[in-house]
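# Geometric and topological summary
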Amino acid sequence: MLTENQKAQYQHHGYLVLTGFKSADEIAALRKRAEALVDAFEPDAVKSIFTTNEQSRHVDDYFMGSSDKIRCFFEEEAFGPDGELRQAKALSINKIGHAMHDLDPVFERFSRGPALAALARDLGLAAPQVWQSMYIFKQPGIGGEVGWHQDASFFETTPITVTTFWFALEDATLENGCLWVPAGAGGHRTPLRERFVKHGAGARMEKLDTTPWPDAQGAVPLEVPAGTLVVFHGLLPHYSAANRSAKSRHAYTLHVTDGGSEYSPANWLQRGAGLPVRGFE
């Protein structure tokens, strides 16, 4: 799947940009299914908000119980002072998570197959385990900022093996909140700074290391067209700004670990015997 040069780039920078990985038809099918899931979602039943800026303040039973379900989460700015949505429901959802790849046939077709299995092997994942899927809307005008973080904070393993597969379902630009990563090489060779772990009935972020996050001068944007797959190491810091533009930035992500590593029992996301974690095939 990958050339030797691409493998070297991944080892050097901690990420790889693969344009044209998904077709327009595949993207259209996934977007149509996501639209149907949102349309069926009843917002009066639950108003769970998702934000990465104050994780511990926005963890609830609905979030903690989503590892083996399909659930919708609102943008932080979706509601007005009166508690009502400021705009249509379809323009208010932050993301859908976290088991679409196992529970929904359309999402499963997008999330699995020989190409992804081969890519995982080339990235060093000998026994891939797909723990989580997220459909991220980055809504126009209210799409929330996702502050600097490392995905290994949420999927800690020994050794660290979590790898993110991030699919652009629309063009990702500076205007609508594209990804940012550290400039230069070695961003993925910095320490794990935080970990998000179970705490009582919820979860909280624990500080592990004081290494600073990149600043504006030390980061580069990843502006990519729809159909692009960005893969990156779990220790690579990344960020995306709020979307104040009139255009959304839909993306779909999978978080994958190697079955040869030990998945922490303290991680917020766990799977029971009823829905065991699976690979790409």
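So, here is what we can say about the structure in this document. (Residues numbered from 1 in each chain as written. Predicted model: local features only at pLDDT ≥ 70, side-chain atom pairs only at ≥ 80, totals over all residues. Heavy atoms only, no water.)

### Some details on the overall build of the protein
Scanning the protein from N- to C-terminus turns up 6 helices and 15 strands. Along the first, second and third principal axes, the C-alpha atoms of the protein reach 55 × 40 × 40 Å. By the burial criterion, 54% of the 281 residues in the protein qualify as buried. Counted over contacts in the protein with a minimum sequence separation of 6, partners at least 24 positions apart contribute 84%. Per element, the accessible surface of the protein, about 12,000 Å² overall, is 52% carbon and sulfur. Computed over 27 positive and 34 negative side-chain charges, the inter-centroid distance for the protein is 2 Å. (Helix = DSSP H or I, 4+ residues; strand = E, 2+ residues; numbered from the N terminus. Buried < 20%, exposed > 50% of the residue type's maximum accessible area, 1.4 Å probe, protein only. Contact = heavy atoms within 4.5 Å. Areas by Shrake-Rupley, 256 points an atom, 1.4 Å probe, with all protein chains shown as cover. Lys, Arg positive; Asp, Glu negative; His and termini not counted. Charge placed at Lys NZ, Arg CZ, Asp CG, Glu CD.)

### Structural notes on the sheet that holds strand β8 (residues 179-182)
Overall, antiparallel pairing links the 4 strands, which are arranged β5-β13-β8-β11 in an open sheet. Looking at which strands have only one partner, the edges of the open sheet turn out to be β5 (146-149) and β11 (219-222). When strand polarity is set aside, the average angle formed by the axes of neighbouring strands in this sheet is 25°. (Pairing = 2+ DSSP bridges. Axes fitted to C-alpha atoms, helices over the stretch in contact; angles between N-to-C directions.)

### Brief notes about the layout of surface pockets
Quantified by volume, the largest pocket comes out at close to 190 Å³. Surrounding the largest pocket, R31, E35, V38, D39, K89, A90, L91, Y135, F137, Q139, S248 and H250 form its lining. Per-element tally for the lining of the largest pocket: the top contributor is helix α2 (residues 24-40), with 4 residues. Looking at the lining of the largest pocket residue by residue, the classes come out as 5 nonpolar, 3 polar and 4 charged. (1 Å grid on protein atoms, 1.4 Å probe; cavity = no way out; pocket = protein on both sides within 12 Å on 5 of 7 lines; lining within 4 Å. Points joined across faces, edges and corners; volume = space filled by probe spheres on them. Nonpolar A, V, L, I, M, F, W, Y, C, P; charged D, E, K, R; others polar.)

### Focus on the nonpolar core
Y135, F165, F167 and Y252 are the most contacted members of the largest nonpolar core, which totals 55 residues. Sorting elements by how many residues they give to this core places α2 first, with 5 residues. Other than its neighbours up to four places away in sequence, Y135 contacts L30, R31, A34, N94, K95, I96, M100, F107, L169, H250, A251 and Y252. In terms of nonpolar packing, the next biggest core, distinct from the first, is built from 13 residues, A172, C178, V181 and A251 among them. (Core = buried A, V, L, I, M, F, W, Y, C linked by side-chain atoms within 4.5 Å.)

### With respect to the environment of P265
With respect to the element layout, P265 can be found in the segment after β15 (262-263). For the pair P265 and E281, spaced 16 residues apart in sequence, the C-alpha separation works out to 25 Å. The residues contacting P265, other than those within four sequence positions of it, are K198 and Q270.

### As for helix α6 (residues 114-122)
Along α6, the positions that sit buried rather than exposed are L116, A117, A118, L119 and A120. Residues of α6 that are buried sit in contact with β1 (15-18), α5 (105-111), β4 (128-136), β7 (163-168) and β12 (229-233). Just past α6, the residue G124 takes up positive phi, approximately 100°.

### Section: the pattern of salt bridges
Inspection of the entire model under this criterion finds 15 salt bridges. Linking K22 and E26 is a salt bridge whose minimum nitrogen-to-oxygen distance equals 3.8 Å. The exposure class assigned to K22 is buried, which follows from its relative accessible area of 10%. Between R31 and E170 there is a salt bridge whose closest N-O contact spans 3.4 Å. Of this pair, R31 sits in helix α2 while E170 sits in the loop between β7 and β8; the two residues are 139 residues apart in sequence, bridging distant segments of the chain. Residue classification places R31 among the partly exposed positions, given a relative accessible area of 30%. For E170, a relative accessible area of 8% translates into the label buried. Salt bridges sharing common partners tie together D102, E108, R112, R271 and R278. (Salt bridge = Lys/Arg side-chain N within 4 Å of Asp/Glu carboxyl O.)

### Some words on the pairing of strand β9 (residues 194-199)
Here β9 runs beside strand β10 (residues 202-207); their pairing, made up of 6 bridges, is antiparallel. Among the inter-strand pairings, F196 is bridged to a residue of β10, identified as M205. Adjacent in sequence and paired antiparallel, β9 and β10 are bridged by 2 residues, among which G200 carries a positive phi angle near 65°.

Any functional reading would require information that these geometric values do not contain.
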